[in-house]
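Reading the structure
Below are the chains, spelled out letter by letter.
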Amino acid sequence: MFSQNKLLTVAEKSDYKSTSKYKDVMDFIVSLEGSSPYISIDTIARTVEGFDVPMLVIANPLPSNPNEIGDRVVVYLQANIHAGEVEGKEAVQMLARDLLSNPNSEILKNVVVLITPILNIDGNEKISVNNRKNQVGPENGVGIRYNGQNLDLNRDAMKLETPELKGVVENILNVWDPAITVDCHTTNGSFHEEPITFTWMMNPNGDRKLINYMRDKMMPDVHRTLWDEYDVENIFYGVFIDRMDYSKGWTAYACEPRYLVNYIGIRNRLAILNENYVYADFRTRVQGCYSLLVTILEYASANKNEIISLLDEADKQTISRGMQPAVYDSFAIDYKGYPTPEQITIKAYETDTIPGVKGYWRYKSSDRKVTVTVPYIADFYATKNVKFPYAYLISVLDPDVVSLLRSHGIEISQLKNNKKVLVERFKINELHGSGRLNQGHYTNKVSGDFINEEREFPKGTYIVKTDQKLGSLVAALLEAQSDDGLLKWNYFDRYLAPQWGSGYYPYPVYKVMEPIPFDVLN
């Protein structure tokens, strides 16, 4: 699908020695918009350093808004969330150009393609040869991981403290509701030959049928097609559990919803993490990433009806669960990774250690090749659950909490009159802040017990019911012991302890376990 079009990316023009800066990307996509009626450019956010973050819409016919999507499937491709990991940024520009060169393709017949080519602009503009020195190219340097707030955008999906991630959620996920999202990265991990790796959303509070669909059908199909038809060696993303003993397995290891791909999973949508191999040369990484994205779009085009049906069924089941939670309906607060049904084969290099060096960087790749077939630890299941509720009542009128919930697209209402309600109150027994700052937070770890009680809630109390499409996300944000919820990220700190004395106030979010009517404010 590579085009001979004269419009070339910085990577192509430099023979893959350089990557694009913001102006390069904008000049490129504006040229595309000026030459085709099948592309539009929107702005989804403005960074703290003053750059507008662009999003492309590519389709034939081009929809002016989501109501014009029709029976097509929406796929969102995102690059440069970490601005040192740049091959996705180059690949999506090339892909946009080549899609527009063939507007009558099956892809553009069946898919509305959304592309954010350069999400972390603040980090990208700090390109230097001193960044990511372990990475093989581009030789003229790359940007940095963090945005202008010194925050990692791929840890911000739940708290939305960055304008970039807030823009993705408010202006892409909430508006266009993509069926599939691909987030492009570069690895830092184990040593192997395959230049392209990828995996799927895997938080256990997501819909299990969607997780299994990715695990058992879509991702294996993409893997085979990418290898057989595009001659790109690839494996599912992970790292060796023990770099000195590969037999212990290959693990995907990160399934918390702070990561965008897992966050999208608990929104009942399909998401793919693309990690391009840091030790492959830059040309191979860019072209391999390009071929992966083409393969995903081809799969989405060929299977759009199945995908749309799966997502619709997941939404219906989530709404139904919230309307009448069953005894067995639960939310995972602790979980563990287990092997997938199929083992994974990796064309690895044996690992050596560097004498005198400690920590992560003590490992180096040898030139000794070894092919191993090992367990893939990527199925995460609950080890501890709490009951899933009908609704949450928030007893503090905190504007930051309410604003955040609405930014996520969650439906909220307020009590019209005072009302006595039988609830579960979370009694805090222990609350500890982390000993080290994490993304600007001393994150909380809490333990406690649920106590059943009848309580009167005043007019204006916020009601967040779980019989909505984002019901799983509601629980992930509001459960007291959620590993990425608002209590963990300090949103309720001021309400948890008295100024003097010992003990704790009740967690100001109460669980309504049985369906009851609420009179709400208009």
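This text follows the structure it describes.
Attention here is on the structure that accompanies the text. (Residues numbered from 1 in each chain as written. Predicted model: local features only at pLDDT ≥ 70, side-chain atom pairs only at ≥ 80, totals over all residues. Heavy atoms only, no water.)

Focus on the sheet that holds strand β10 (residues 270-276)
One open sheet accounts for eight strands, arranged β1-β2-β4-β3-β5-β10-β6-β7; its pairing is mixed. Among the strands making up the open sheet, the edge pair consists of β1 (39-46) and β7 (234-236). When strand polarity is set aside, the average angle formed by the axes of neighbouring strands in this sheet is 20 degrees. The strands touched by helix α2 (residues 22-35) within the sheet are β1 and β2 (52-58), with β1 carrying the most contacts at an inclination of about 145 degrees. This element, helix α3 (residues 87-100), spans β1, β2, β3 (73-78), β4 (111-116), β5 (180-186) and β10 of the sheet and lies at about 35 degrees to β2. (Pairing = 2+ DSSP bridges. Helix = DSSP H or I, 4+ residues; strand = E, 2+ residues; numbered from the N terminus. Axes fitted to C-alpha atoms, helices over the stretch in contact; angles between N-to-C directions. Contact = heavy atoms within 4.5 Å.)

As for the pairing of strand β19 (residues 462-465)
Where strand β15 (residues 391-394) meets β19, four bridges bridge the pair, whose relative direction is antiparallel. Note on β19: the bridge partner recorded for Ala391 is Lys465. In terms of strand pairing, strand β16 (residues 413-414) meets β19 through two bridges, oriented antiparallel. Residue pairing across strands places Ser413 opposite Ile463, the latter belonging to β19.

Some thoughts on the sheet that holds strand β8 (residues 239-240)
If you trace the four strands from one edge of the open sheet to the other, you get β8-β9-β14-β11, paired in mixed fashion. Either end of the sheet is taken by a strand with one partner, and the two such strands are β8 and β11 (330-339). Relative to strand β9 (residues 250-251), β8 is paired through two bridges, and the arrangement is antiparallel. In the strand pairing of β9, Val239 is matched with Thr251.

Considerations on the packing of aromatic side chains
Per the stated rule, a full pass over the model turns up 15 aromatic pairs. With centroids separated by 5.9 Å and ring planes inclined at 85 degrees, the aromatic side chains of Trp200 and Tyr376 adopt a geometry described as edge-to-face. Separated by 176 residues along the polypeptide, Trp200 in strand β6 (residues 196-200) and Tyr376 in strand β14 (residues 376-387) bring together distant segments of the chain. With a relative accessible area of 1%, Tyr376 lands in the buried category. Among the aromatic residues, those joined into a cluster by ring pairs are Phe198, Trp200, Phe236 and Tyr376. Lying across the ring of Trp489, Lys159 places its NZ or CZ 5.3 Å from the centre. One cation-aromatic arrangement involves Arg208 over Tyr381; the distance from NZ or CZ to the ring centre is 4.0 Å. (Phe/Tyr/Trp six-rings, centres within 6.5 Å; stacked < 30°, edge-to-face > 60°. Buried < 20%, exposed > 50% of the residue type's maximum accessible area, 1.4 Å probe, protein only. Lys NZ or Arg CZ within 6 Å of the ring centre and 35° of its normal.)

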